[in-house]
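A closer look at the structure
So the chains spell out like this:
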Number of protein chains: 6
Amino acid sequence: MGDIQIPKNKNILHSSIFNKTLRSWQGLQCDITTRNLMYPVFIVDEDDSLQPISSMPGISRFGLNRLKEHLSSLVDKGLQSVLLFGVINNAFKDERGTHATSDKNPVLRAVLKLRSWFPDLIIACDVCLCAYTSHGHCGILEKDGTINNAASIKRLAEVSIAYAKAGAHIVAPSDMMDGRIAAIKQLLRENEFGNKVAVLSYTAKFASNLYGPFRDASKSAPAFGDRKCYQLPIESTGLALRAAARDIEEGADMLMVKPVLIYMDIVKQLKSRYPEYPMFVYQVSGEYAMIHYAAKAGAIDLRLVLTEILASLRRSGADVIITYFTLRY
Amino acid sequence: MGDIQIPKNKNILHSSIFNKTLRSWQGLQCDITTRNLMYPVFIVDEDDSLQPISSMPGISRFGLNRLKEHLSSLVDKGLQSVLLFGVINNAFKDERGTHATSDKNPVLRAVLKLRSWFPDLIIACDVCLCAYTSHGHCGILEKDGTINNAASIKRLAEVSIAYAKAGAHIVAPSDMMDGRIAAIKQLLRENEFGNKVAVLSYTAKFASNLYGPFRDASKSAPAFGDRKCYQLPIESTGLALRAAARDIEEGADMLMVKPVLIYMDIVKQLKSRYPEYPMFVYQVSGEYAMIHYAAKAGAIDLRLVLTEILASLRRSGADVIITYFTLRY
Amino acid sequence: MGDIQIPKNKNILHSSIFNKTLRSWQGLQCDITTRNLMYPVFIVDEDDSLQPISSMPGISRFGLNRLKEHLSSLVDKGLQSVLLFGVINNAFKDERGTHATSDKNPVLRAVLKLRSWFPDLIIACDVCLCAYTSHGHCGILEKDGTINNAASIKRLAEVSIAYAKAGAHIVAPSDMMDGRIAAIKQLLRENEFGNKVAVLSYTAKFASNLYGPFRDASKSAPAFGDRKCYQLPIESTGLALRAAARDIEEGADMLMVKPVLIYMDIVKQLKSRYPEYPMFVYQVSGEYAMIHYAAKAGAIDLRLVLTEILASLRRSGADVIITYFTLRY
Amino acid sequence: MGDIQIPKNKNILHSSIFNKTLRSWQGLQCDITTRNLMYPVFIVDEDDSLQPISSMPGISRFGLNRLKEHLSSLVDKGLQSVLLFGVINNAFKDERGTHATSDKNPVLRAVLKLRSWFPDLIIACDVCLCAYTSHGHCGILEKDGTINNAASIKRLAEVSIAYAKAGAHIVAPSDMMDGRIAAIKQLLRENEFGNKVAVLSYTAKFASNLYGPFRDASKSAPAFGDRKCYQLPIESTGLALRAAARDIEEGADMLMVKPVLIYMDIVKQLKSRYPEYPMFVYQVSGEYAMIHYAAKAGAIDLRLVLTEILASLRRSGADVIITYFTLRY
Amino acid sequence: MGDIQIPKNKNILHSSIFNKTLRSWQGLQCDITTRNLMYPVFIVDEDDSLQPISSMPGISRFGLNRLKEHLSSLVDKGLQSVLLFGVINNAFKDERGTHATSDKNPVLRAVLKLRSWFPDLIIACDVCLCAYTSHGHCGILEKDGTINNAASIKRLAEVSIAYAKAGAHIVAPSDMMDGRIAAIKQLLRENEFGNKVAVLSYTAKFASNLYGPFRDASKSAPAFGDRKCYQLPIESTGLALRAAARDIEEGADMLMVKPVLIYMDIVKQLKSRYPEYPMFVYQVSGEYAMIHYAAKAGAIDLRLVLTEILASLRRSGADVIITYFTLRY
Amino acid sequence: MGDIQIPKNKNILHSSIFNKTLRSWQGLQCDITTRNLMYPVFIVDEDDSLQPISSMPGISRFGLNRLKEHLSSLVDKGLQSVLLFGVINNAFKDERGTHATSDKNPVLRAVLKLRSWFPDLIIACDVCLCAYTSHGHCGILEKDGTINNAASIKRLAEVSIAYAKAGAHIVAPSDMMDGRIAAIKQLLRENEFGNKVAVLSYTAKFASNLYGPFRDASKSAPAFGDRKCYQLPIESTGLALRAAARDIEEGADMLMVKPVLIYMDIVKQLKSRYPEYPMFVYQVSGEYAMIHYAAKAGAIDLRLVLTEILASLRRSGADVIITYFTLRY
Ligand SMILES: [Zn+2]
Ligand SMILES: [Zn+2]
Ligand SMILES: [Zn+2]
Ligand SMILES: [Zn+2]
Ligand SMILES: [Zn+2]
Ligand SMILES: [Zn+2]
């Protein structure tokens, strides 16, 4: 064997990574600060209730009167934004999700309180019908069980206005109806919220198998059928790109990919096409479970792996990560 | 409120997804067949041994005499390729990893047998020194504990030749030394294997926290220090791109990204830049654990989530997935 | 006048900026942490000396014995890296810059000390001849006063080796000779520093009028002529692009633009073309003066403007900023 | 040490810069002629007044009767265009900025005069409300102090028409309201100025800290709050791109970036995306101060540095530079 | 007929061109200064000769003793660069063009004089063999009349060195042999002119029918055959692009297109691909004739059309224009 | 001197051009057939007149009764298309160009005849007002002499309809008013010519100095002022791009660049952006003169140069060339 060729200068990577500080210069855009995290909160009808969620160890649902205490310590540690979900008793549900805009809606009442308790906290409200409808679907249905898209987006716009009036900074439609961003923006503008409320679109929400614990937490599983007729097929890059083009044309202020753990290729592509829009990602309940249980079994180190995941999400293009782990950060 | 604007035709996505077959047309490149899976196998010094790996429930290490039975049923079900790792007793380890090229090396002996037992099975051999060195690092060290790159790549080339002579179809260097692909290719060509043995480069192998169970399985944790001076920083897209450019310039036949679960943005970018190279991804032991334990706890459905993950990996650009779950597929 | 048309939804920007947190989401890649700052330090021959620089109020030159105290407080506050310059008495200067590699060179002696005092501090050394040559030019001259490029890059490589042997993590050639990166890398590799010392190239160093105070600080003005035959013309984007292509081909680990204040278009273009290379920028002495004196006169607020400048540099693509203001950060 | 490799031919840059004429060929697009400069002029209510601005040494505010003399010498030297600002006594200010369109408005009266005195001089008028409103904000406010965007852009269109009728060639809205370009263009067309008055949009006006002396000069600081809800966040490339897309879609004839000194990356990107639109940049008062005071302190040479800055602005893509230094050019 | 639709705001172009200054902002990169012009000069063997060229009215050939007077007035008016051609008596011609490097070569003697007479004037020398060979071809021929490429480029490199030694700043090979740039650069570097002499490559020299008067002027028509085997086919964009890639790879400092009048699409494409290289264009003798005779016949206005042509050349990407009309500019 | 390096294989161009057929393969898209030529014809009021144009030797104006004979021989030789211009006696001119749509208009009468004489000949009609207005401008004027754009485009649409009704296949508006394509298309559609008449837009018609002989030919010079407020500035690439975007958005079927000789960079860019639109170019009268007079003086060979020019126009992207030389082709 003769002499081994030496590699070209430019192909020597070790000289760029032999030291911790040098390594850090290779990925400076991956930092996580409090601005990069948004905390999802489940709010129940019963104001005094605090309900641990058995399928998501460490996470609870809160009544209005238990919220201030829970969030205060987080805000003190720097929490900058929350995403609110309503968890509604079946008794209040009907075909149109009337409770979503009623005075007694726990989320609407919570927004008012949160604005006064934490004046600097950004309040985002998930906008959907599934938590409020008797059938558990995200839109208003035709008699044959299919979606009535026009009626649905009108109703979603009404819900958005209710949140805006209550004081939400951001409305975040997660329903995946066609045209909802335009409908919401139109109604926001007619109500003079056009330049005062932002719309965070669940742009690429896939029909994933990772939502199980969440549906438990939010009591929002559909009573029949599934959501594959409005959420995106998991194999489809193309529909994610079309959905993003749609939402941007209709006026979205920020975009979201959900779930994120196995959709980071989608995040990368959306951020590359639309670098001018802040990119949100939602680390869903199934992802939470995967990390939690593997760590509990000793197979991975929770802190190290969580740090690696958050850095990786930033690397792939995420600006803000919606995660239950905000609690521990 | 006036009439809600109707969305533009092109922004109506529901008409493309209201039916299962239509949905399937959105992601036809995501199929999984036996050609898309490669099965990693750990081979131990003791030929009669069968050692379940406690940190990877369901996965075992095999002695040479236990291998045929285990693989036969898989081959019968269509298994097309394996990736072999040696698990070596400490007694055989030294500074240069001499055992890697000795006649008694269990992998070398296994290759010979596997070629005769399963003539159509593709045999890939992981090429590294860490399983064979007393210090557990992937290269030969200087006295100060840093890597001697020139000596390391020469030794890795020697190991590759040994596998080639034993009959391996593919050598897969996982060491992350600079210039190893060129060194291996040079020696393969000098030994007339230039057109008969392929090199599958672990191009983007990150210094991840998801390797724990594997190191247990392969008994290859370093005795001191870590591998951050040669594996890629987890935040760095740039070094992954430079590493791929390097390996392709040096002659790699296929590329690999490892781990893959939170590196799918990297897979996407490498496949987009180099569509002409088959892309392998390695679903590592920590990923196995996350899926296994979350399913065991009932938070996710193993089969559905595994299917979603494999389809997503294909969507992101992976051609072949190296996974322990091949067993169950 | 009829009704004014209302703007399109996507053209309403106010809904993305009406609140501080929302605004922050528009520029998350602009954070400044200690990893983003490198501190330039002038070291004089007289070990006990501490010389305030009159043309750069607040900045001093230090002798070896005054260095530890000055840097300790900065390291305690998080300082991660320094860039060392020698300021040499004329008595030690000659045609070839012999003192640059002598045992008495204050920078070489400082590197040794700094490694022991601050084991985690990254030591970068500016590599040039101008501080050491009697004629004050950055290379070795022909008899007619023009540059002998071959002799110059050989000498610069020798100087780099001296720094590497003393313990520098980074050598940073600022001379702008053609081929110096390749020459330095070749010699580093022949001396087994190939994977242990990084080369930070002053890739786009312009023949600017903003270096005045620095030349005062480093006593490095040329005795005759100027540097326009080797530094880049200020109007030339093209030569900056060619210089970056050259340095990357020759093996640079990181790139630099200098000065930066009015060269941010160059930073943007180089970072866009070569995102895989960390981008350094040097906020030079004239920039320091412009900020300092305008603030002193009350025309601008130093802290606010400095913060705006640093954020803007990050926005344009800078990863690490070499600035005298590190002192105040 | 062996022989140093010689650099590749194409990597020798010195052969392109060893001589002054050769260097000049590298940046021919950076010339500054009178067509590349626009001169900002402050006009006060008192026609006989000439008020030196203490925070901008060398610059004054002029009453109508002092304008002809001041501008005559500049026009004789080649001045081709001016940008007019009104500086209004508080007594004339109200909530809607009524004085902006009154017969007594000094800018409107000045336009008429300037057209007759200097028939070839291009007259551009800054269009905003902040100099005319009692609250000092750039739009009409809601009761809660936020912007009423619809009312604001209607008012800005009215102001533009007033300038057009007086004889302005260009109206230049600096307010940063959404939709103002479309509103102004609509009204211009309804009044048959559609092909006779150009709109120069302050497209990317950042909420910078460099406006201090200007606000002093124009007496236009807001009475409460700041302008961060309508001017662009300094970290945001994305909103600058969205603003340019918006203004071009709405009909802008030329674009502007303001300030420019640390926003040259933005200039470069806008000019690259929209090369068909003339790019204006505004060298603001804080930039003037930085150059002025550093030169006064002897740290930089005013003429050399100013020349370098203007050439650099041209290099980055600026066609016309709005600068107080036009005076000295 | 109903109402005609009004055009969109952005489609109204008149508002950008209704005034002379506004129009000028649309094409600021088209200025012509003395730096944009290079003057071609024919030098004859007879030192006292001044020979008007009948086919190019207004242009003459000069002997060494008539040169100073002719050029002095042009240099006084700002002339910055000349391109020298030798016009050789047949008596001095041979197969290898020996006279090109002899002491008596009028161009070599002229370079020495010009450097002393006009120290700031850039001297470029056309490098070719056709003026010196008995057969009138641009290279050395095989016996069958085809080009011996290797011998030709070696000879061209020798000629270049002769010009470099005489003091030329630029050598400009017009021969269109393959590999001549590399050969010339290699020899320049071996003679230490590597960073002191620039190479201006006639990159895209087409086999045009517009060279007639020049061949008359330079007495360089081939004795047999034509130059279509080494000059580019007039229809070929592809070979022009390949030639530019070739010359840049081999080290050219600047590029040229010749002729230019009907090759402006080529100029545009080369400048777009290689913006980092100064682009020269040669307005050849046939172009001169077309302008001259049409003006003489009163069909066009010489000054207006010449101005339009020069501005158009700049618009298409030309940095420097080599033109006989420099005389009248 | 050592051995000269041999050029890389890919840099040897001679092997692609040493033979005529090989050369022809380099530019196959440059052929000229009768489909690539359109012949411009001037038609006068006096039906029996045949008027040689003194400033365009060889070209004449024809009365209706002289047309058939002249065109018959051309049609026999393959002529496929003509572009008709009216040359009108001053007596018939007024402010609105009434004669353009009168029954006596010689072009309208000619169209009818030509359709019957030459059923396969494509008839295109230049659409403008300048030949018909007393002031000689291309639109209807305001009292102050500026263009009334709305009235102009309405009138141009009326003229187009007249040509359509007479039987023209193509209307070709040359006026450069904003919005004329949309206006013409609207009226064509209202008259059911929407799918039967094509619009060939003079998209990029520059305010050139090459129109002199044509204005003589068509008696269409403006009585006062010039056309710089509606024709494009010669330096402006940007407005040509905006004009093409405008015309395509408004419905143009084909695009034109005029003149072409020094605007081939514009042709190239428009064809690259809009390859889906046939590109016409107009070789104007000044170009005709330049070729004619240079050939007449013996400086160029008419046939060879004309062939080179036509091939070059095709190379730059022209599909159809409108040229007076069609006569000789
Ligand atoms: Zn839902
Ligand atoms: Zn290893
Ligand atoms: Zn230096
Ligand atoms: Zn304002
Ligand atoms: Zn020649
Ligand atoms: Zn006309």
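Given the structure is predicted, the values throughout are model-derived calculations rather than measurements.

Some thoughts on the pattern of salt bridges
Scanning the entire structure with this criterion turns up 75 salt bridges over all chains. The partner of R180 of chain C in a salt bridge is D247 of chain C, and the shortest N-O contact between them spans 3.6 Å. A residue pair is termed long-range when its members are at least 10 positions apart, and R180 of chain C in helix α5 (residues 180–190) and D247 of chain C in helix α7 (residues 237–250) qualify at 67 residues. Just as R180 of chain C is buried, D247 of chain C falls in that class too. The structure contains a network of salt bridges with shared partners spanning D175, D178, R180, R246 and D247 of chain A.

Thoughts on the coordination of the zinc ion (ligand 4)
All names here are of chain D. Here the zinc ion (ligand 4) is held by C128 (SG), C130 (SG) and C138 (SG), and the distances to it run 2.2 to 2.4 Å. Counting the intervening residues between successive donors of the zinc ion (ligand 4) yields the motif C-x1-C-x7-C. Assessed through its relative accessible area of 5%, C128 is described here as buried. A residue is classified by how much of its surface remains accessible, and C130, at 12% relative accessible area, is buried.

Topic: the packing of aromatic side chains
A complete count under the given rule lists 66 aromatic pairs over all chains for this structure. Aromatic pair W117 of chain D and F118 of chain D: ring centres 6.3 Å apart, planes at 75°, arrangement edge-to-face. What makes W117 of chain D partly exposed here is its relative accessible area of 23%. Residue classification places F118 of chain D among the buried positions, given a relative accessible area of 8%. The ring of F206 of chain B has R315 of chain A lying over it, and the distance from NZ or CZ to the ring centre is 5.8 Å.

What to know about the relation of the copies chain E and chain C
With an RMSD of 0.1 Å, the operation that places chain E on chain C is a rotation of 89° combined with a shift of 0.4 Å along the axis. Viewed as a symmetry operation, the transformation between the two copies matches a four-fold axis. When each C-alpha of chain E is compared by its distance to the rotation axis, E249 of chain E comes out closest, at 9.4 Å.

Things to note about the interface of chain E and chain C
Contact with chain E, which involves six residues of that partner, is made by seven residues of chain C. Taken together, both faces of the contact between chain E and chain C bury some 620 Å²; the carbon and sulfur share is 41%. Our enumeration of links across chain E and chain C arrives at zero salt bridges. Residue composition of the side of chain E that touches chain C, by class: one nonpolar, one polar and four charged.

A word on the UniProt feature "active site" (unreviewed entry) in chain A
Residues and elements named next belong to chain A. Sequence positions flagged by UniProt for "active site" (unreviewed entry) are, in local numbering, K205 and K258. These annotated residues cover 54 residues of sequence, and their C-alpha atoms all fall within 4.8 Å of one another, placing them together at a single site. Looking at the element boundaries, K205 is found in strand β7 (residues 198–205). Residue class for K205 comes out buried when judged on its relative accessible area of 8%. What K205 contacts, discounting residues up to four positions off in sequence, is S174, M176, Y211, Q231, L232 and K258. Here the side chain of K205 touches S174 through a polar contact of 3.0 Å, landing on its backbone oxygen.

The rules behind these values
Residues numbered from 1 in each chain as written. Chains lettered and ligands numbered in written order. Predicted model: local features only at pLDDT ≥ 70, side-chain atom pairs only at ≥ 80, totals over all residues. Heavy atoms only, no water. Salt bridge = Lys/Arg side-chain N within 4 Å of Asp/Glu carboxyl O. Helix = DSSP H or I, 4+ residues; strand = E, 2+ residues; numbered from the N terminus. Buried < 20%, exposed > 50% of the residue type's maximum accessible area, 1.4 Å probe, protein only. Donors = N, O, S within 2.8 Å, 3.2 Å for Na, K, Ca; no water. Phe/Tyr/Trp six-rings, centres within 6.5 Å; stacked < 30°, edge-to-face > 60°. Lys NZ or Arg CZ within 6 Å of the ring centre and 35° of its normal. Least-squares fit on C-alpha atoms with pLDDT ≥ 70 in both. Contact = heavy atoms within 4.5 Å. Buried area = accessible area lost by both parts, 1.4 Å probe. Nonpolar A, V, L, I, M, F, W, Y, C, P; charged D, E, K, R; others polar. UniProt positions renumbered as here; feature names shortened; annotations may be inferred. Polar contact = N/O pair within 3.5 Å; in protein donor to acceptor, adjacent residues only side chain to side chain.

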